[in-house]
Amino acid sequence: MASDEKFLRMKKYRSRLENAEGYGEVWEIVKATVKSSLNERRVGMMLFLDDLPLRLGAYHSLGTNNIVLNRALVNIVEAASKSKRLINSFVYVLLLHEYLHALGRPREAQVRPLVYKISRESFGSNHITTQLAELGPWSILKGIPLDTMDVPKRVIEIVKDFEKADKKYII
Ligand SMILES: [Zn+2]
């Protein structure tokens, strides 16, 4: 790919991520960037929100279409930062990680370097997303005493229209 084209693609992904509203739109960027970098795609995934231990960001159970995202952790990031770009980057990195598992890579040693590679190719090496991919999403929560925090335990919820946002970008 020509470098102009690469630059334009990065610009487009950066602006989409900065402006994304809600999980469905971040998810579309996850799928689009994986398609660009790996030419792989999986549809029909579902997203659930649950309050999990704060050292866990999200998980995907093998053999299901489900990703469960740690709502309590996302809420802490939202409280600590008013930057939509940062919050969306945080969610992007967690969802991208689980998507790569769902695409048939069970091992952390396969997934982690790919999260970094895809982030760098999509947003550039100095973007916050790429930094989170490199240092781990928890790097933005340094100084917050996660181990002593009380996590509210609410009921698990499904994110409605998670994959429906698809259509917005096709038109
Ligand atoms: Zn993992």
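Each chain carries its own residue numbering, running from 1 in the written order of its sequence. In keeping with the model being predicted, local features are shown solely for residues with a pLDDT of at least 70 and side-chain atom pairs are shown and tallied solely at 80 or more, while totals for entire chains, interfaces and linings include all residues. Remark: hydrogens and water are excluded; side-chain values derive from all non-hydrogen atoms of the structure.

S.K.: Would you explain the overall build of the chain in this entry?
M.R.: Going along the chain from the N terminus, every DSSP run of H or I of four or more residues is numbered as a helix, and every run of E of two or more is numbered as a strand. Looking only at helices and strands, the chain features seven helices and four strands. Here the globule rule is a power law, 2.2 Å times the number of residues to the power 0.38, and the radius of gyration is based on C-alpha atoms. Compactness check: the chain gives a C-alpha radius of gyration of 15 Å against a globular reference of 16 Å for 171 residues, within 12% of the reference. Here the C-alpha coordinates of the chain stretch approximately 50 × 35 × 30 Å along the principal axes. Think of it in three bands: residues with accessible area under 20% of the maximum for their type are buried, residues over 50% are exposed, and the middle band is partly exposed, with areas taken using a 1.4 Å probe on protein chains only. Scored against the burial criterion, the 171 residues of the chain give a buried share of 48%.

S.K.: Would you take a moment to explain the pairing of strand β3 (residues 66-70) for this structure?
M.R.: On a regular strand, one side chain projects to one face of the sheet and the next to the other, so that they alternate. With respect to burial, β3 is a largely interior element, four of its five residues being buried. DSSP bridges decide pairing: two strands pair if at least two such bridges lie between them. One ladder, built from five bridges, connects strand β1 (residues 46-50) with β3; its direction is parallel. Looking across to β3, one finds that M46 is bridged to N66. Where strand β2 (residues 58-60) lies against β3, three bridges are found, and the strand directions are antiparallel. Across the sheet, residue H60 finds its bridge partner in β3, namely I67. Hairpin remark: β2 followed by β3, antiparallel, with five residues in the connecting loop; positive phi at G63, about 85 degrees.

S.K.: Explain the coordination of the zinc ion to me, please; I cannot follow it from the model alone.
M.R.: Ideal donor angles around a metal are set by the shape: a four-donor tetrahedron calls for 109.5 degrees, a six-donor octahedron for 90 or 180 degrees. Bound to the zinc ion are the protein donor atoms H97 (NE2), H101 (NE2), E108 (OE) and E108 (OE), situated 2.0 to 2.7 Å from the metal. Each donor residue of the zinc ion lies on the same chain, and together they follow the pattern H-x3-H-x6-E. Residue class for H101 comes out buried when judged on its relative accessible area of 10%. Here E108 falls in the partly exposed class, since its relative accessible area comes to 33%. Each metal's donors comprise the N, O and S atoms found within 2.8 Å of it (within 3.2 Å for Na, K or Ca). Water is not part of the atom list, so some coordination spheres may appear incomplete.

S.K.: In this structure, what is going on with the side chain of D50? I would like to understand it.
M.R.: Structurally, D50 is set in strand β1. Discounting chain neighbours no more than four positions away, the residues touching D50 are V68, L69, N70, R71, A72, K153, R154 and I156. Residues count as neighbours in contact if any of their non-hydrogen atoms are within 4.5 Å of one another.

S.K.: Please explain the sheet that holds β3 as it appears in this structure.
M.R.: Strands in a sheet are paired, the pairing made by backbone hydrogen bonds, and the direction either parallel or antiparallel. The four strands lie next to each other as β2-β3-β1-β4, forming an open sheet whose pairing is mixed. Both edges of this open sheet fall to β2 and β4 (157-158), since each of them pairs with a single strand only. The convention used is that axes are lines fitted to C-alpha atoms, helices contributing only their stretch in contact, and that angles between N-to-C directions extend from 0 to 180 degrees. Its contacts with the sheet place helix α4 (residues 84-102) against β1, β2 and β3, and it is angled at close to 150 degrees to β3.

S.K.: Teacher, can you tell me more about the packing of helix α2 (residues 22-38) against α4 here?
M.R.: Where α2 contacts α4, the two axes come as close as 9 Å, and the packing angle between them is 55 degrees. In terms of orientation, α2 lies oblique with respect to α4. Where α2 crosses over α4, the handedness of that crossing is right-handed. Residues Y23, V26, W27, I29, V30, K31, T33, V34 and L38 of α2 lie in contact with α4, whose contacting residues are N88, V91, Y92, L95, L96, Y99 and L100. Three classes are used, and their members are as follows: Ala, Val, Leu, Ile, Met, Phe, Trp, Tyr, Cys and Pro are nonpolar, Asp, Glu, Lys and Arg are charged, and the others, Gly among them, are polar. Of the residues that constitute the contact of α2 with α4, the class distribution is 13 nonpolar, two polar and one charged. Working rule for angles: under 35 degrees goes down as roughly parallel, over 145 as roughly antiparallel, 65 to 115 as roughly perpendicular, anything else as oblique. Definitions for this section: a left-handed crossing has its near helix turned counterclockwise from the far helix by less than a right angle. A right-handed crossing has that turn clockwise.

S.K.: I tried to follow the nonpolar core on my own but got confused; where do I start?
M.R.: Within soluble globular proteins, side chains that are nonpolar tend to cluster in buried spots. Grouping buried Ala, Val, Leu, Ile, Met, Phe, Trp, Tyr and Cys residues that are joined through side-chain atoms within 4.5 Å yields what is termed a nonpolar core. Counting 46 residues, the largest nonpolar core has Y23, L47, L69, Y92 and L95 as the members making the most contacts within it. Of all the secondary-structure elements, those providing two or more residues to this core are α1 (3-19), α2, β1, β3, α3 (71-80), α4, α5 (108-123) and α6 (128-135). Here the element with the most residues in this core is α4; it accounts for 12 residues. If we skip the residues at most four places from it in the chain, L95 touches V26, W27, V30, L47, I67 and L69.

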